[in-house]
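Structural overview for review
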Amino acid sequence: MCKPTNLIRTVFFSCTVVLAVCHYTLAADNPYILSHYTDEHNLPQNSIKGIGQDNMGFVWLITEKGPVRYDGEGRFKTFNSLSNAMKSVRMVALYKIDQFDDLIGRGEYGETVLLKNGTATSLQSGNDIISNLSLRYQEAIYFNLSLPSPYSQYQNKHIFIPDGLEGGFLISQDSISHVSNDGSLSPAFYFPNKGHWNFASNHGKLIYFNETLEYIEIDRNFSIKRNRILGDIQQLPPNTRFNIFWNSASNQLFIYTAHNLYRLSQDGEGGLHSQLLISNFDFDKNDIITAHYMPSQNQLLLGSATKGLFVIKKRFFKSLVANEAYSSLFYNQTVLPHGLLLTNNGMAFDSTGQFHFAPLLKRDKFQHGQIIGPDGNVWILEHDSILVVTPDLDRIVGIKSVPEYPRVAFKDDSNNYWIGGGMGVLLKYDVNGDEFQTQASFPSIITYLENKGDGELFVSTEDGLFIFDVVNGTWTEIPQFKNKQVRSIRKESDSRHWITTYQHGFYLFEDGQITGFPLDKSLHLATSHCTLEDRNGFIWISTNKGIFKVSKQQLLEYKNNSKKTPFYFYYDKRWGFQTNEFNGGCQPCTVELSNGYFSFPSLDGLVQFNPLAVVEEFPSGEIILDDVTVDDQSLALTDVIPIPHHFSRLDIKLATPFYGSPNNVEIDYMLYSKRRTSGDWVPLNLQTNTLSINELSSGHHEVRVRMRQGIHADDFYIKTFHFYVQPLFYETWWFIGLSCIAAGAVIWLLIHLRTQLVLRQNRLLVEKVNERTDDLKKQYEWQQRLSASITHDIKAPLSYVVKALYAMKSVAGKQAIAPDDVEHLYHATHHIYHYSNNLTEFAKVMFTKEWLTLGDVCVNEIVERQITIFRPVADLRGNIIHNCIPTGMSVCSQTDILSVIIHNILDNAIKFTKRGTINIYAEKQSDNRTSVHITDTGVGLTADQIAAFYQVTRSAKETERNGDSNGLGLMLAKDMANLIRAEMSIQSTRGVGTTVTITLPHTA
């Protein structure tokens, strides 16, 4: 390994005393991270002749197998389709005519390729000045587009160098001319020179290097200005020889000398200023011929003529390791008073990262940690005792016996010293008695101690977390951490502590409230070891799989709103440390050095870094469609990409110009269409940057892609790509239109046929109705004649008989000739007469009920007429009838029907009552109705008879068959009541009597 440089030094306090330790000159990490790619890493060819970036920021390499796009992390994309459009894809030059112009690759036969928007397109004819001059002068001019030139052994008569402003300079051995963008040539300016290969251009000016640190600047008007290169290169001797590396594709100048590479850029006064980019890298050995620097990415790309691509980036993390004789597996670390960083078993590092070793601390007993004791000496926690040594590590002061296996040591805010034991015993050091006193015992091994505040300590064990009351000597378990192994506790304030656990992530304990935080997408944070907060408000967390950084503000926001998920930066060994696995379970778990650097222990060295210098890498460029394939067949990339309907697999590959760590790239996608208006964001497969779709409906679809460009929830760049799935023939507009017309025609035909059928059925129905109407008319006329016949043939004779019997009754009464028999005969005949009269009236109503009209009817009068009819019969049976209905009470009804109803009810009451009472009375209801009650003291009705009355339908034959002689009259009365919107009900008790109620409306 190389010695540390000023770029990566970790500054400790310089040791001011001479330590009696052994010294080993061992360098810390190299300040750079080097990645080397050849044809073994998918690079198509190992000869890199040019490197540049297009308008979107994509990096392009030109090789002898055509242009290659470099996508970072060893990913390369080739464009094989160019071989069909070019005579040869062997590239010889890469350039830009204008710094804002397009990037152009030039083939060996003068063919050009446009490198733009992340893709390579063959140009049929070039319109740039290089192409135009090539056609005009052909072999007379050599176009020098980069340095060093692959043809420096040749001395052409004329060399053209583009100036970066669409023009250029034509150089000969003793003169210079300027060529404008239209090809016109200025008069020659006399300028003898030592060689064509000492010229380069920079921002429109021609630069001549005379093999020293001085240069001559010539503008378009041939004004000459001598100047000296300033900056880092001035540390070299003035006569230092160097090589010029000029990249016209990126308009960048470099100087390589003494295995160092300097970048030249304009300073504020228009001169050239040098910046050291890398050191101790042999360009000649690696055959480097081109360079390209990306400041925003802190990356330098070097192209070799034979060894492929070298990518060099700054190392932000360094690992301090022991020499080969010792293990670099570190746990605990303590900064000694004189600045030495002491770790386990006597190994230490000074402020330069140099390894030191104290032999007297190399003991057979395992050492769990160190702490500066109350006397200023160093306490070393060993298996069964505490070893006390001087701060210079040159002398053992003594050995303190401990009643418990010392696991961790801690100094609280009151300068009390505590020891956590391997058997769960908590000890406190008594300075006066120089002894350790047992304070409490816990269920398992104590792993960490920390101040809680207000006379309390946090005590963590392998099975939980406890709060220990220093005054009372009692402890309380925190139930949320039961059966959790706590690795570390960091106190931010008396009310806020950050806690890490093994397999359960990390937590915040604040004001008695515990918040567990979500894990990262790879679940590496489950095994969290140590935390430290930097001055920018970021918390760094070491794990078994690398280091994470997260904004403390986002963690606090998550505490208040769990929907605000924090974003975690992830750093693995690709950032510069030796291993991804860090260590914990020791105290202190990690330390912050006096210069602000953090130091974390790992399985392979102490990882140290400046947290404020570590960059936050996020993609900032465009997202493009790199390739779209349907069943492995590539489709043309257009604004709206047509997709055939029948496909098995649609692959959409994306690309973005990002060359940082892929671990912190977050790209999601969502499918959107009219049929699917919302959905969830789905993570993109970052290994291939490809999303696959197996099914899409016909029509327009959108693939919405979002890419994180910052740590906040809304720091996303969103790009939408449009696709159109070609419809099947039955989904096309013409097919749907024809189908609609056909369906309309079929519907019209069906309606027409149905209409004709309905009209025909209507005609038949009218004929049947007319025929039935004629029959009903005939039937009605017959019934009318029947009624007239009954009136004439039955009613008239009965009327005569009634009158004759009445006369006979009078004579019989006077002469005393069988007066009772004549009386009975008279009343029976009179009753038959009235019954036939009622039946005739009812028949008339039934045949004319559609013309039935209701009106106000006097109930008392109707009842009184019926009583008059039945009074003789009632007297014969010894019954008394009372009409209790008020005179003048009226209801809404029809006189004839109501008379027939009351007649039938009163008839039944007299028939089944002997020597009893029949009361007829009325009462008004609250619902604007009147109830007429006919109550008798007769034999009453059976339950079956009452149930039969309430049946919906019951035939007369059934009534007669069941022997219900009174059922027909009641059923007839019930049916007639329905005609006048009245309701009938019966209440009857066998042997007591019956009450029939007729409920009628007050008025019409």
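Reading guide: rules and limits
Residues numbered from 1 in each chain as written. Predicted model: local features only at pLDDT ≥ 70, side-chain atom pairs only at ≥ 80, totals over all residues. Heavy atoms only, no water. Salt bridge = Lys/Arg side-chain N within 4 Å of Asp/Glu carboxyl O. Helix = DSSP H or I, 4+ residues; strand = E, 2+ residues; numbered from the N terminus. Buried < 20%, exposed > 50% of the residue type's maximum accessible area, 1.4 Å probe, protein only. Contact = heavy atoms within 4.5 Å. Pairing = 2+ DSSP bridges. Axes fitted to C-alpha atoms, helices over the stretch in contact; angles between N-to-C directions. pLDDT = per-residue confidence, 0-100. Arc of directions from axis to C-beta. Disulfide = S-S within 2.5 Å. Patch = residues over 30% accessible without salt bridge, like charges linked within 9 Å, V, L, I, M, F, W, Y side chains within 5 Å. Areas by Shrake-Rupley, 256 points an atom, 1.4 Å probe, with all protein chains shown as cover. Core = buried A, V, L, I, M, F, W, Y, C linked by side-chain atoms within 4.5 Å. Phe/Tyr/Trp six-rings, centres within 6.5 Å; stacked < 30°, edge-to-face > 60°. Lys NZ or Arg CZ within 6 Å of the ring centre and 35° of its normal.

It is worth spelling out the pattern of salt bridges at this point. A complete count under the given rule lists 30 salt bridges for this structure. A salt bridge links R704 to E702; the shortest N-O distance between them is 3.0 Å. Sharing partners across several salt bridges, the network here consists of E492, R496, E510, E533, K552 and K559.

Within the fold, T527 resides in the loop between β49 (513–516) and β50 (528–533). Take T527: its relative accessible area is 14%, and that puts it in the buried class. Apart from the residues within four sequence positions on either side, T527 is in contact with T501, Y502, Q503, S542, T543 and N544.

Here we come to the sheet that holds strand β36 (residues 385–389). On the basis of which strands lie adjacent, the open sheet formed by 4 strands has the order β34-β35-β36-β37 and antiparallel pairing. Both edges of this open sheet fall to β34 (369–372) and β37 (396–401), since each of them pairs with a single strand only. Taken pair by pair, the neighbouring strands of this sheet meet at an average axis angle of 25 degrees, ignoring direction. In the sheet, β34 pairs with strand β35 (residues 378–381) via 4 bridges, with the strands oriented antiparallel.

The next point concerns the confidence of the model for the chain. On average, residues of the chain carry a pLDDT of 86, and 86% of them reach 70 or more. For the chain, strand β1 (residues 22–24) is the element with the lowest average pLDDT, namely 34, and strand β48 (residues 506–510) is the one with the highest, namely 97. Scored below 50 in pLDDT, residues 1–28 makes 72 contacts in the model with residues more than four places away or belonging to other chains. Taken together, the stretch residues 953–967 has pLDDT below 50 and engages in 15 contacts with residues farther than four places along the chain or on a different chain.

It is worth spelling out helix α7 (residues 943–950) at this point. Regarding α7, the residues found buried are Q945, I946, A948 and F949. The arc that holds every buried residue of α7, seen down its axis, measures 160 degrees, which confines them to one face. Among the exposed residues of α7, those pointing more than 90 degrees away from its buried face are A943 and D944.

The phi angle of most residues is negative, glycine excepted, and most peptide bonds adopt the trans form. The omega torsion of the bond from L147 to P148 falls at -5 degrees, within 30 degrees of zero and hence cis. Relative to the helices and strands, P148 is located in the loop between β12 (146–147) and β13 (158–162). Note that the residue after Q587, namely P588, is joined by a cis bond; omega there is 0 degrees. Along the chain, P588 turns up in the loop between β53 (568–571) and β54 (591–592). In this structure, N345 is a non-glycine residue whose phi angle is positive, near 60 degrees. Residue classification places N345 among the buried residues on the basis of a relative accessible area of 18%. With a phi angle near 60 degrees, L393 is a residue other than glycine that sits in the positive phi range. Here L393 shows up in the loop between β36 and β37.

Take the state of the cysteines next. The full count for this structure, using the stated rule, is 1 disulfide. Between the sulfur atoms of C530 and its disulfide mate C589 the distance is 1.4 Å. A torsion of -45 degrees about the S-S bond marks the disulfide between C530 and C589 as left-handed. Placement of C530 in strand β50 and of C589 in the loop between β53 and β54 is noted, with a sequence separation of 59 residues between them. The same class applies to C530 and to C589, which are both buried. Here C586 is not cross-linked by a disulfide; its sulfur's nearest cysteine counterpart is in C589, at 4.9 Å.

Here we take up the environment of N928. By secondary structure assignment, the location of N928 is in the loop between β69 (917–924) and β70 (929–936). Linking N928 and L1000, residues 72 residues apart in sequence, is a C-alpha distance of 9.0 Å. With residues up to four places along the chain from it excluded, the contact list for N928 reads P1001 and H1002.

Taken together, the side chains of F729, Y730, W733, W734, L738 and I741 make up a nonpolar region of the molecular surface, amounting to roughly 780 Å² of accessible area. Among the secondary structure elements, I741 is positioned in helix α3 (residues 733–815).

Within a regular beta strand, the side chains point alternately toward one face of the sheet and then the other, so they alternate between its two faces. Taking burial as the measure, the 6 residues of strand β43 (residues 456–461) include 5 buried ones, the bulk of the element. Two elements, strand β42 (residues 446–451) and β43, share 5 bridges in a ladder whose sense is antiparallel. Along β43, the bridge assignment pairs Y448 with S460. Between β42 and β43, which pair antiparallel in sequence order, lie 4 residues; one of them, G453, sits at a positive phi of approximately 110 degrees. With 6 bridges joining them, β43 and strand β44 (residues 464–469) adopt antiparallel strand pairing. Its bridge partner lying in β44, S460 is registered against L465.

Moving on, we get to the nonpolar core. In terms of nonpolar packing, the biggest core is built from 41 residues, with I901, I920, M984 and I998 touching the most fellow members. By residue number, the principal contributor to this core is helix α6 (residues 895–911), which donates 9 residues. Not counting residues up to four positions away in its chain, the partners in contact with M984 are I901, I905, F949, Y950, L970, A973, K974, A977, V996, T997 and I998. Residues I499, L532, F567 and F582 belong to the second largest nonpolar core, which totals 32 residues.

This brings us to the packing of aromatic side chains. Applying the stated criterion across every chain, the model contains 58 aromatic pairs. Between Y70 and Y659, the aromatic rings sit 5.6 Å apart at their centres with planes inclined by 20 degrees, giving stacked as the arrangement. In this pair, Y70 sits in strand β5 (residues 66–70) while Y659 sits in the loop between β60 (650–655) and β61 (667–673), placing the two residues 589 residues apart along the sequence. For the pair Y70 and Y659, a shared accessibility class is recorded, and that class is buried. Seen from their ring centres, F442 and F468 are 6.4 Å apart, and the 70 degrees between their planes marks the pair as edge-to-face. With F442 in the loop between β41 (435–441) and β42 and F468 in strand β44, this pair connects stretches of sequence that are 26 residues apart. By relative accessible area, F442 is classed as buried at 4%. Clustering of aromatic rings is evident, with ring pairs tying together F316, F317, W540, Y571, W575, F577, F582, F598, F600 and F609. One cation-aromatic arrangement involves K87 over Y109; the distance from NZ or CZ to the ring centre is 4.3 Å. Here the guanidinium or amino end of K974 rests over the ring plane of F949, the centre of that ring lying 5.0 Å away.

In this structure, Q503 sits in the loop between β47 (496–502) and β48. Residue classification places Q503 among the exposed positions, given a relative accessible area of 57%. Remark: the alpha-carbon pair of Q503 and T527, spanning 24 residues in sequence, is separated by 4.7 Å. Residues in contact with Q503, not counting those within four places in the same chain, are A526 and T527.

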